[in-house]
Amino acid sequence: MELSVLALFVPASFFVSVTPGLCMMLALSLGITVGVRHTLWMVIGELVGVALVALAAGLGAAVVMVQYPAIFQLFKYCGGAYLAWIGIQMWRSQGQLASLDAAQRSGRPSAKSLIAQGFITAVANPKGWAFFIALLPPFIDQSKPLAPQLSVLIATILLLETLCLLIYAGGGQALSRLLEHAENVRLINRISGTLMLLVGAWLALS
């Protein structure tokens, strides 16, 4: 791909990724509750979902989602309900989900659960679909092979997405450390649970 094309694509992609949205709020919430290192499991699931959505948009498969919106809506509602359920569990928690103390880490979400959260949020995120459907095609040169171009664009997207997720997760962990130092573990649970409920509602209603 031409460098001039990438020079336009990189800032556009970064701006969309770093803007507060479903995935970034999820990273912030998990940064509060489990720390950056364990949040990496969610990042893996989210990146797989983003790559799938970007590939589908690049290949034109997103048209199917537009033609059958009921399927997409159902997936959104299920994903939103799942994330809201996690938020309620955080609210009901007595501290085991929020504490970053090594002795209490056994109560944190499993790697599979975090991967599922990231994947569902990415695939059911309307902002992601809208971005890829609207902005990917203009950066693809139809006179050149599609696969190499998509590979470069998707790799760029995943790199920037990873950076932004880590920024949000790091901010969440910093907040958690601050609150934990003040021995407000229950407040940590309430903040992270509220964020998760907002993400679930946002996903279902967007």
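Just so you know, these numbers come straight off a predicted model, no measurement behind them.

Enquirer: Quick question: what am I supposed to make of the overall build of the protein chain here?
Expert: A tally of regular secondary structure across the protein chain gives 9 helices and 0 strands. When the helices and strands of the protein chain are read in sequence order from the N terminus, they spell out α-α-α-α-α-α-α-α-α. Relative to its full complement of 206 residues, the protein chain shows a buried share of 44%. Accessible area for the protein chain stands at about 10200 Å²; split by element, carbon and sulfur atoms hold 72% of it.

Enquirer: So what exactly am I meant to see when it comes to the environment of Ala122 here?
Expert: Counting through the fold element by element, Ala122 comes out in helix H6 (residues 111-123). On the basis of relative accessibility, which here comes to 6%, the residue Ala122 falls in the buried class. The spacing of Ala122 and Leu47 is 75 residues in sequence and 7.7 Å in space, taken between C-alpha atoms. Among all residues touching Ala122, those that are not within four sequence positions of it are Cys23, Glu46, Gly49, Val50 and Val53.

Enquirer: What is the right way to look at a nonpolar patch on the surface in this model?
Expert: Residues Phe14, Leu163 and Ile167 make up a contiguous nonpolar surface patch of about 250 Å² in total accessible area. One can find Ile167 in helix H8 (residues 146-181).

Enquirer: Help me understand helix H2 (residues 22-33) in this model?
Expert: Residue pairs three or four apart in sequence face the same way in an α-helix, which turns once every 3.6 residues. Over its 12 residues, H2 extends 17 Å from the first C-alpha to the last, a length consistent with the 16 Å expected when each residue adds 1.5 Å. Burial within H2 is extensive, with 12 of its 12 residues counted as buried. Taken together, the buried positions of H2 are Leu22, Cys23, Met24, Met25, Leu26, Ala27, Leu28, Ser29, Leu30, Gly31, Ile32 and Thr33. Of the residues trailing H2, Gly35 is marked for its positive phi of about 90 degrees.

Enquirer: I would appreciate a short explanation of the nonpolar core in the present structure.
Expert: Soluble globular proteins tend to pack their nonpolar side chains together in the buried interior. Within the largest apolar cluster, 35 residues are counted, with the highest numbers of intra-cluster contacts made by Met42, Phe132, Leu136, Leu153, Ile157 and Leu165. Of all the secondary-structure elements, those providing two or more residues to this core are helix H1 (3-18), H2, helix H3 (35-59), H6, helix H7 (126-135) and H8. Apart from the residues lying within four places of it in its own chain, the contact partners of Leu153 are Met1, Leu6, Phe9, Leu136, Phe139 and Ile140.

Enquirer: For this particular structure, what's the right way to read the side chain of Thr121?
Expert: Within the element layout of this structure, Thr121 appears in helix H6. For Thr121, a relative accessible area of 1% translates into the label buried. Side-chain polar atoms of Thr121 contact the backbone oxygen of Gln117, separated by 2.7 Å.

Enquirer: Sorry, what's going on with the environment of Leu195 here?
Expert: Topologically, Leu195 is positioned in helix H9 (residues 185-205). The class of Leu195 is buried, set by a relative accessible area of 15%. Distance from Leu195 to Ser29, taken between C-alpha atoms, is 6.1 Å for residues 166 residues apart in sequence. With residues near it in sequence (within four places) discarded, Leu195 still touches Met25, Leu28, Ser29 and Ile32.

Enquirer: I keep staring at the confidence of the model for the protein chain and nothing clicks. Help me out?
Expert: One rule of thumb: low pLDDT means the predicted coordinates there are not for detailed reading. Residues at a pLDDT of 70 or more form 71% of the protein chain, whose mean pLDDT is 76. Confidence, read as mean pLDDT per element, is least for helix H4 (residues 62-67) in the protein chain (56) and greatest for H3 (89). Ignoring residues within four places in sequence, the model shows residues 94-106, a span with pLDDT below 50, making 37 contacts including any to other chains.

Enquirer: I tried to follow the side chain of Ser13 on my own but got confused; where do I start?
Expert: Here Ser13 lies in helix H1. With relative accessibility at 1%, the residue Ser13 sits in the buried group. When neighbours within four sequence positions are excluded, Ser13 is seen to be in contact with Phe131, Ile157 and Leu160.

Enquirer: Explanation requested: the packing of H2 against H6 in the structure shown.
Expert: In a packed pair of helices, the relevant descriptors are the angle between the two axes and the axis-to-axis distance. Taken N-terminus to C-terminus, the directions of H2 and H6 make an angle of 160 degrees; their axes are 9 Å apart at the nearest point. It follows that H2 is roughly antiparallel to H6 by the angle criterion. With respect to the hand of their crossing, H2 and H6 are arranged in right-handed fashion. Listed contacts from H6 to Leu22, Cys23, Leu26 and Leu30 of H2 are Leu114, Gln117, Gly118, Thr121 and Ala122.

Cut-offs applied
- Residues numbered from 1 in each chain as written.
- Predicted model: local features only at pLDDT ≥ 70, side-chain atom pairs only at ≥ 80, totals over all residues.
- Heavy atoms only, no water.
- Helix = DSSP H or I, 4+ residues; strand = E, 2+ residues; numbered from the N terminus.
- Buried < 20%, exposed > 50% of the residue type's maximum accessible area, 1.4 Å probe, protein only.
- Areas by Shrake-Rupley, 256 points an atom, 1.4 Å probe, with all protein chains shown as cover.
- Contact = heavy atoms within 4.5 Å.
- Patch = residues over 30% accessible without salt bridge, like charges linked within 9 Å, V, L, I, M, F, W, Y side chains within 5 Å.
- Salt bridge = Lys/Arg side-chain N within 4 Å of Asp/Glu carboxyl O.
- Expected span 1.5 Å × (residues − 1).
- Core = buried A, V, L, I, M, F, W, Y, C linked by side-chain atoms within 4.5 Å.
- Polar contact = N/O pair within 3.5 Å; in protein donor to acceptor, adjacent residues only side chain to side chain.
- pLDDT = per-residue confidence, 0-100.
- Axes fitted to C-alpha atoms, helices over the stretch in contact; angles between N-to-C directions.
- Parallel < 35°, antiparallel > 145°, perpendicular 65-115°, else oblique.
- Left-handed = near helix turned anticlockwise from the far one by under 90°.

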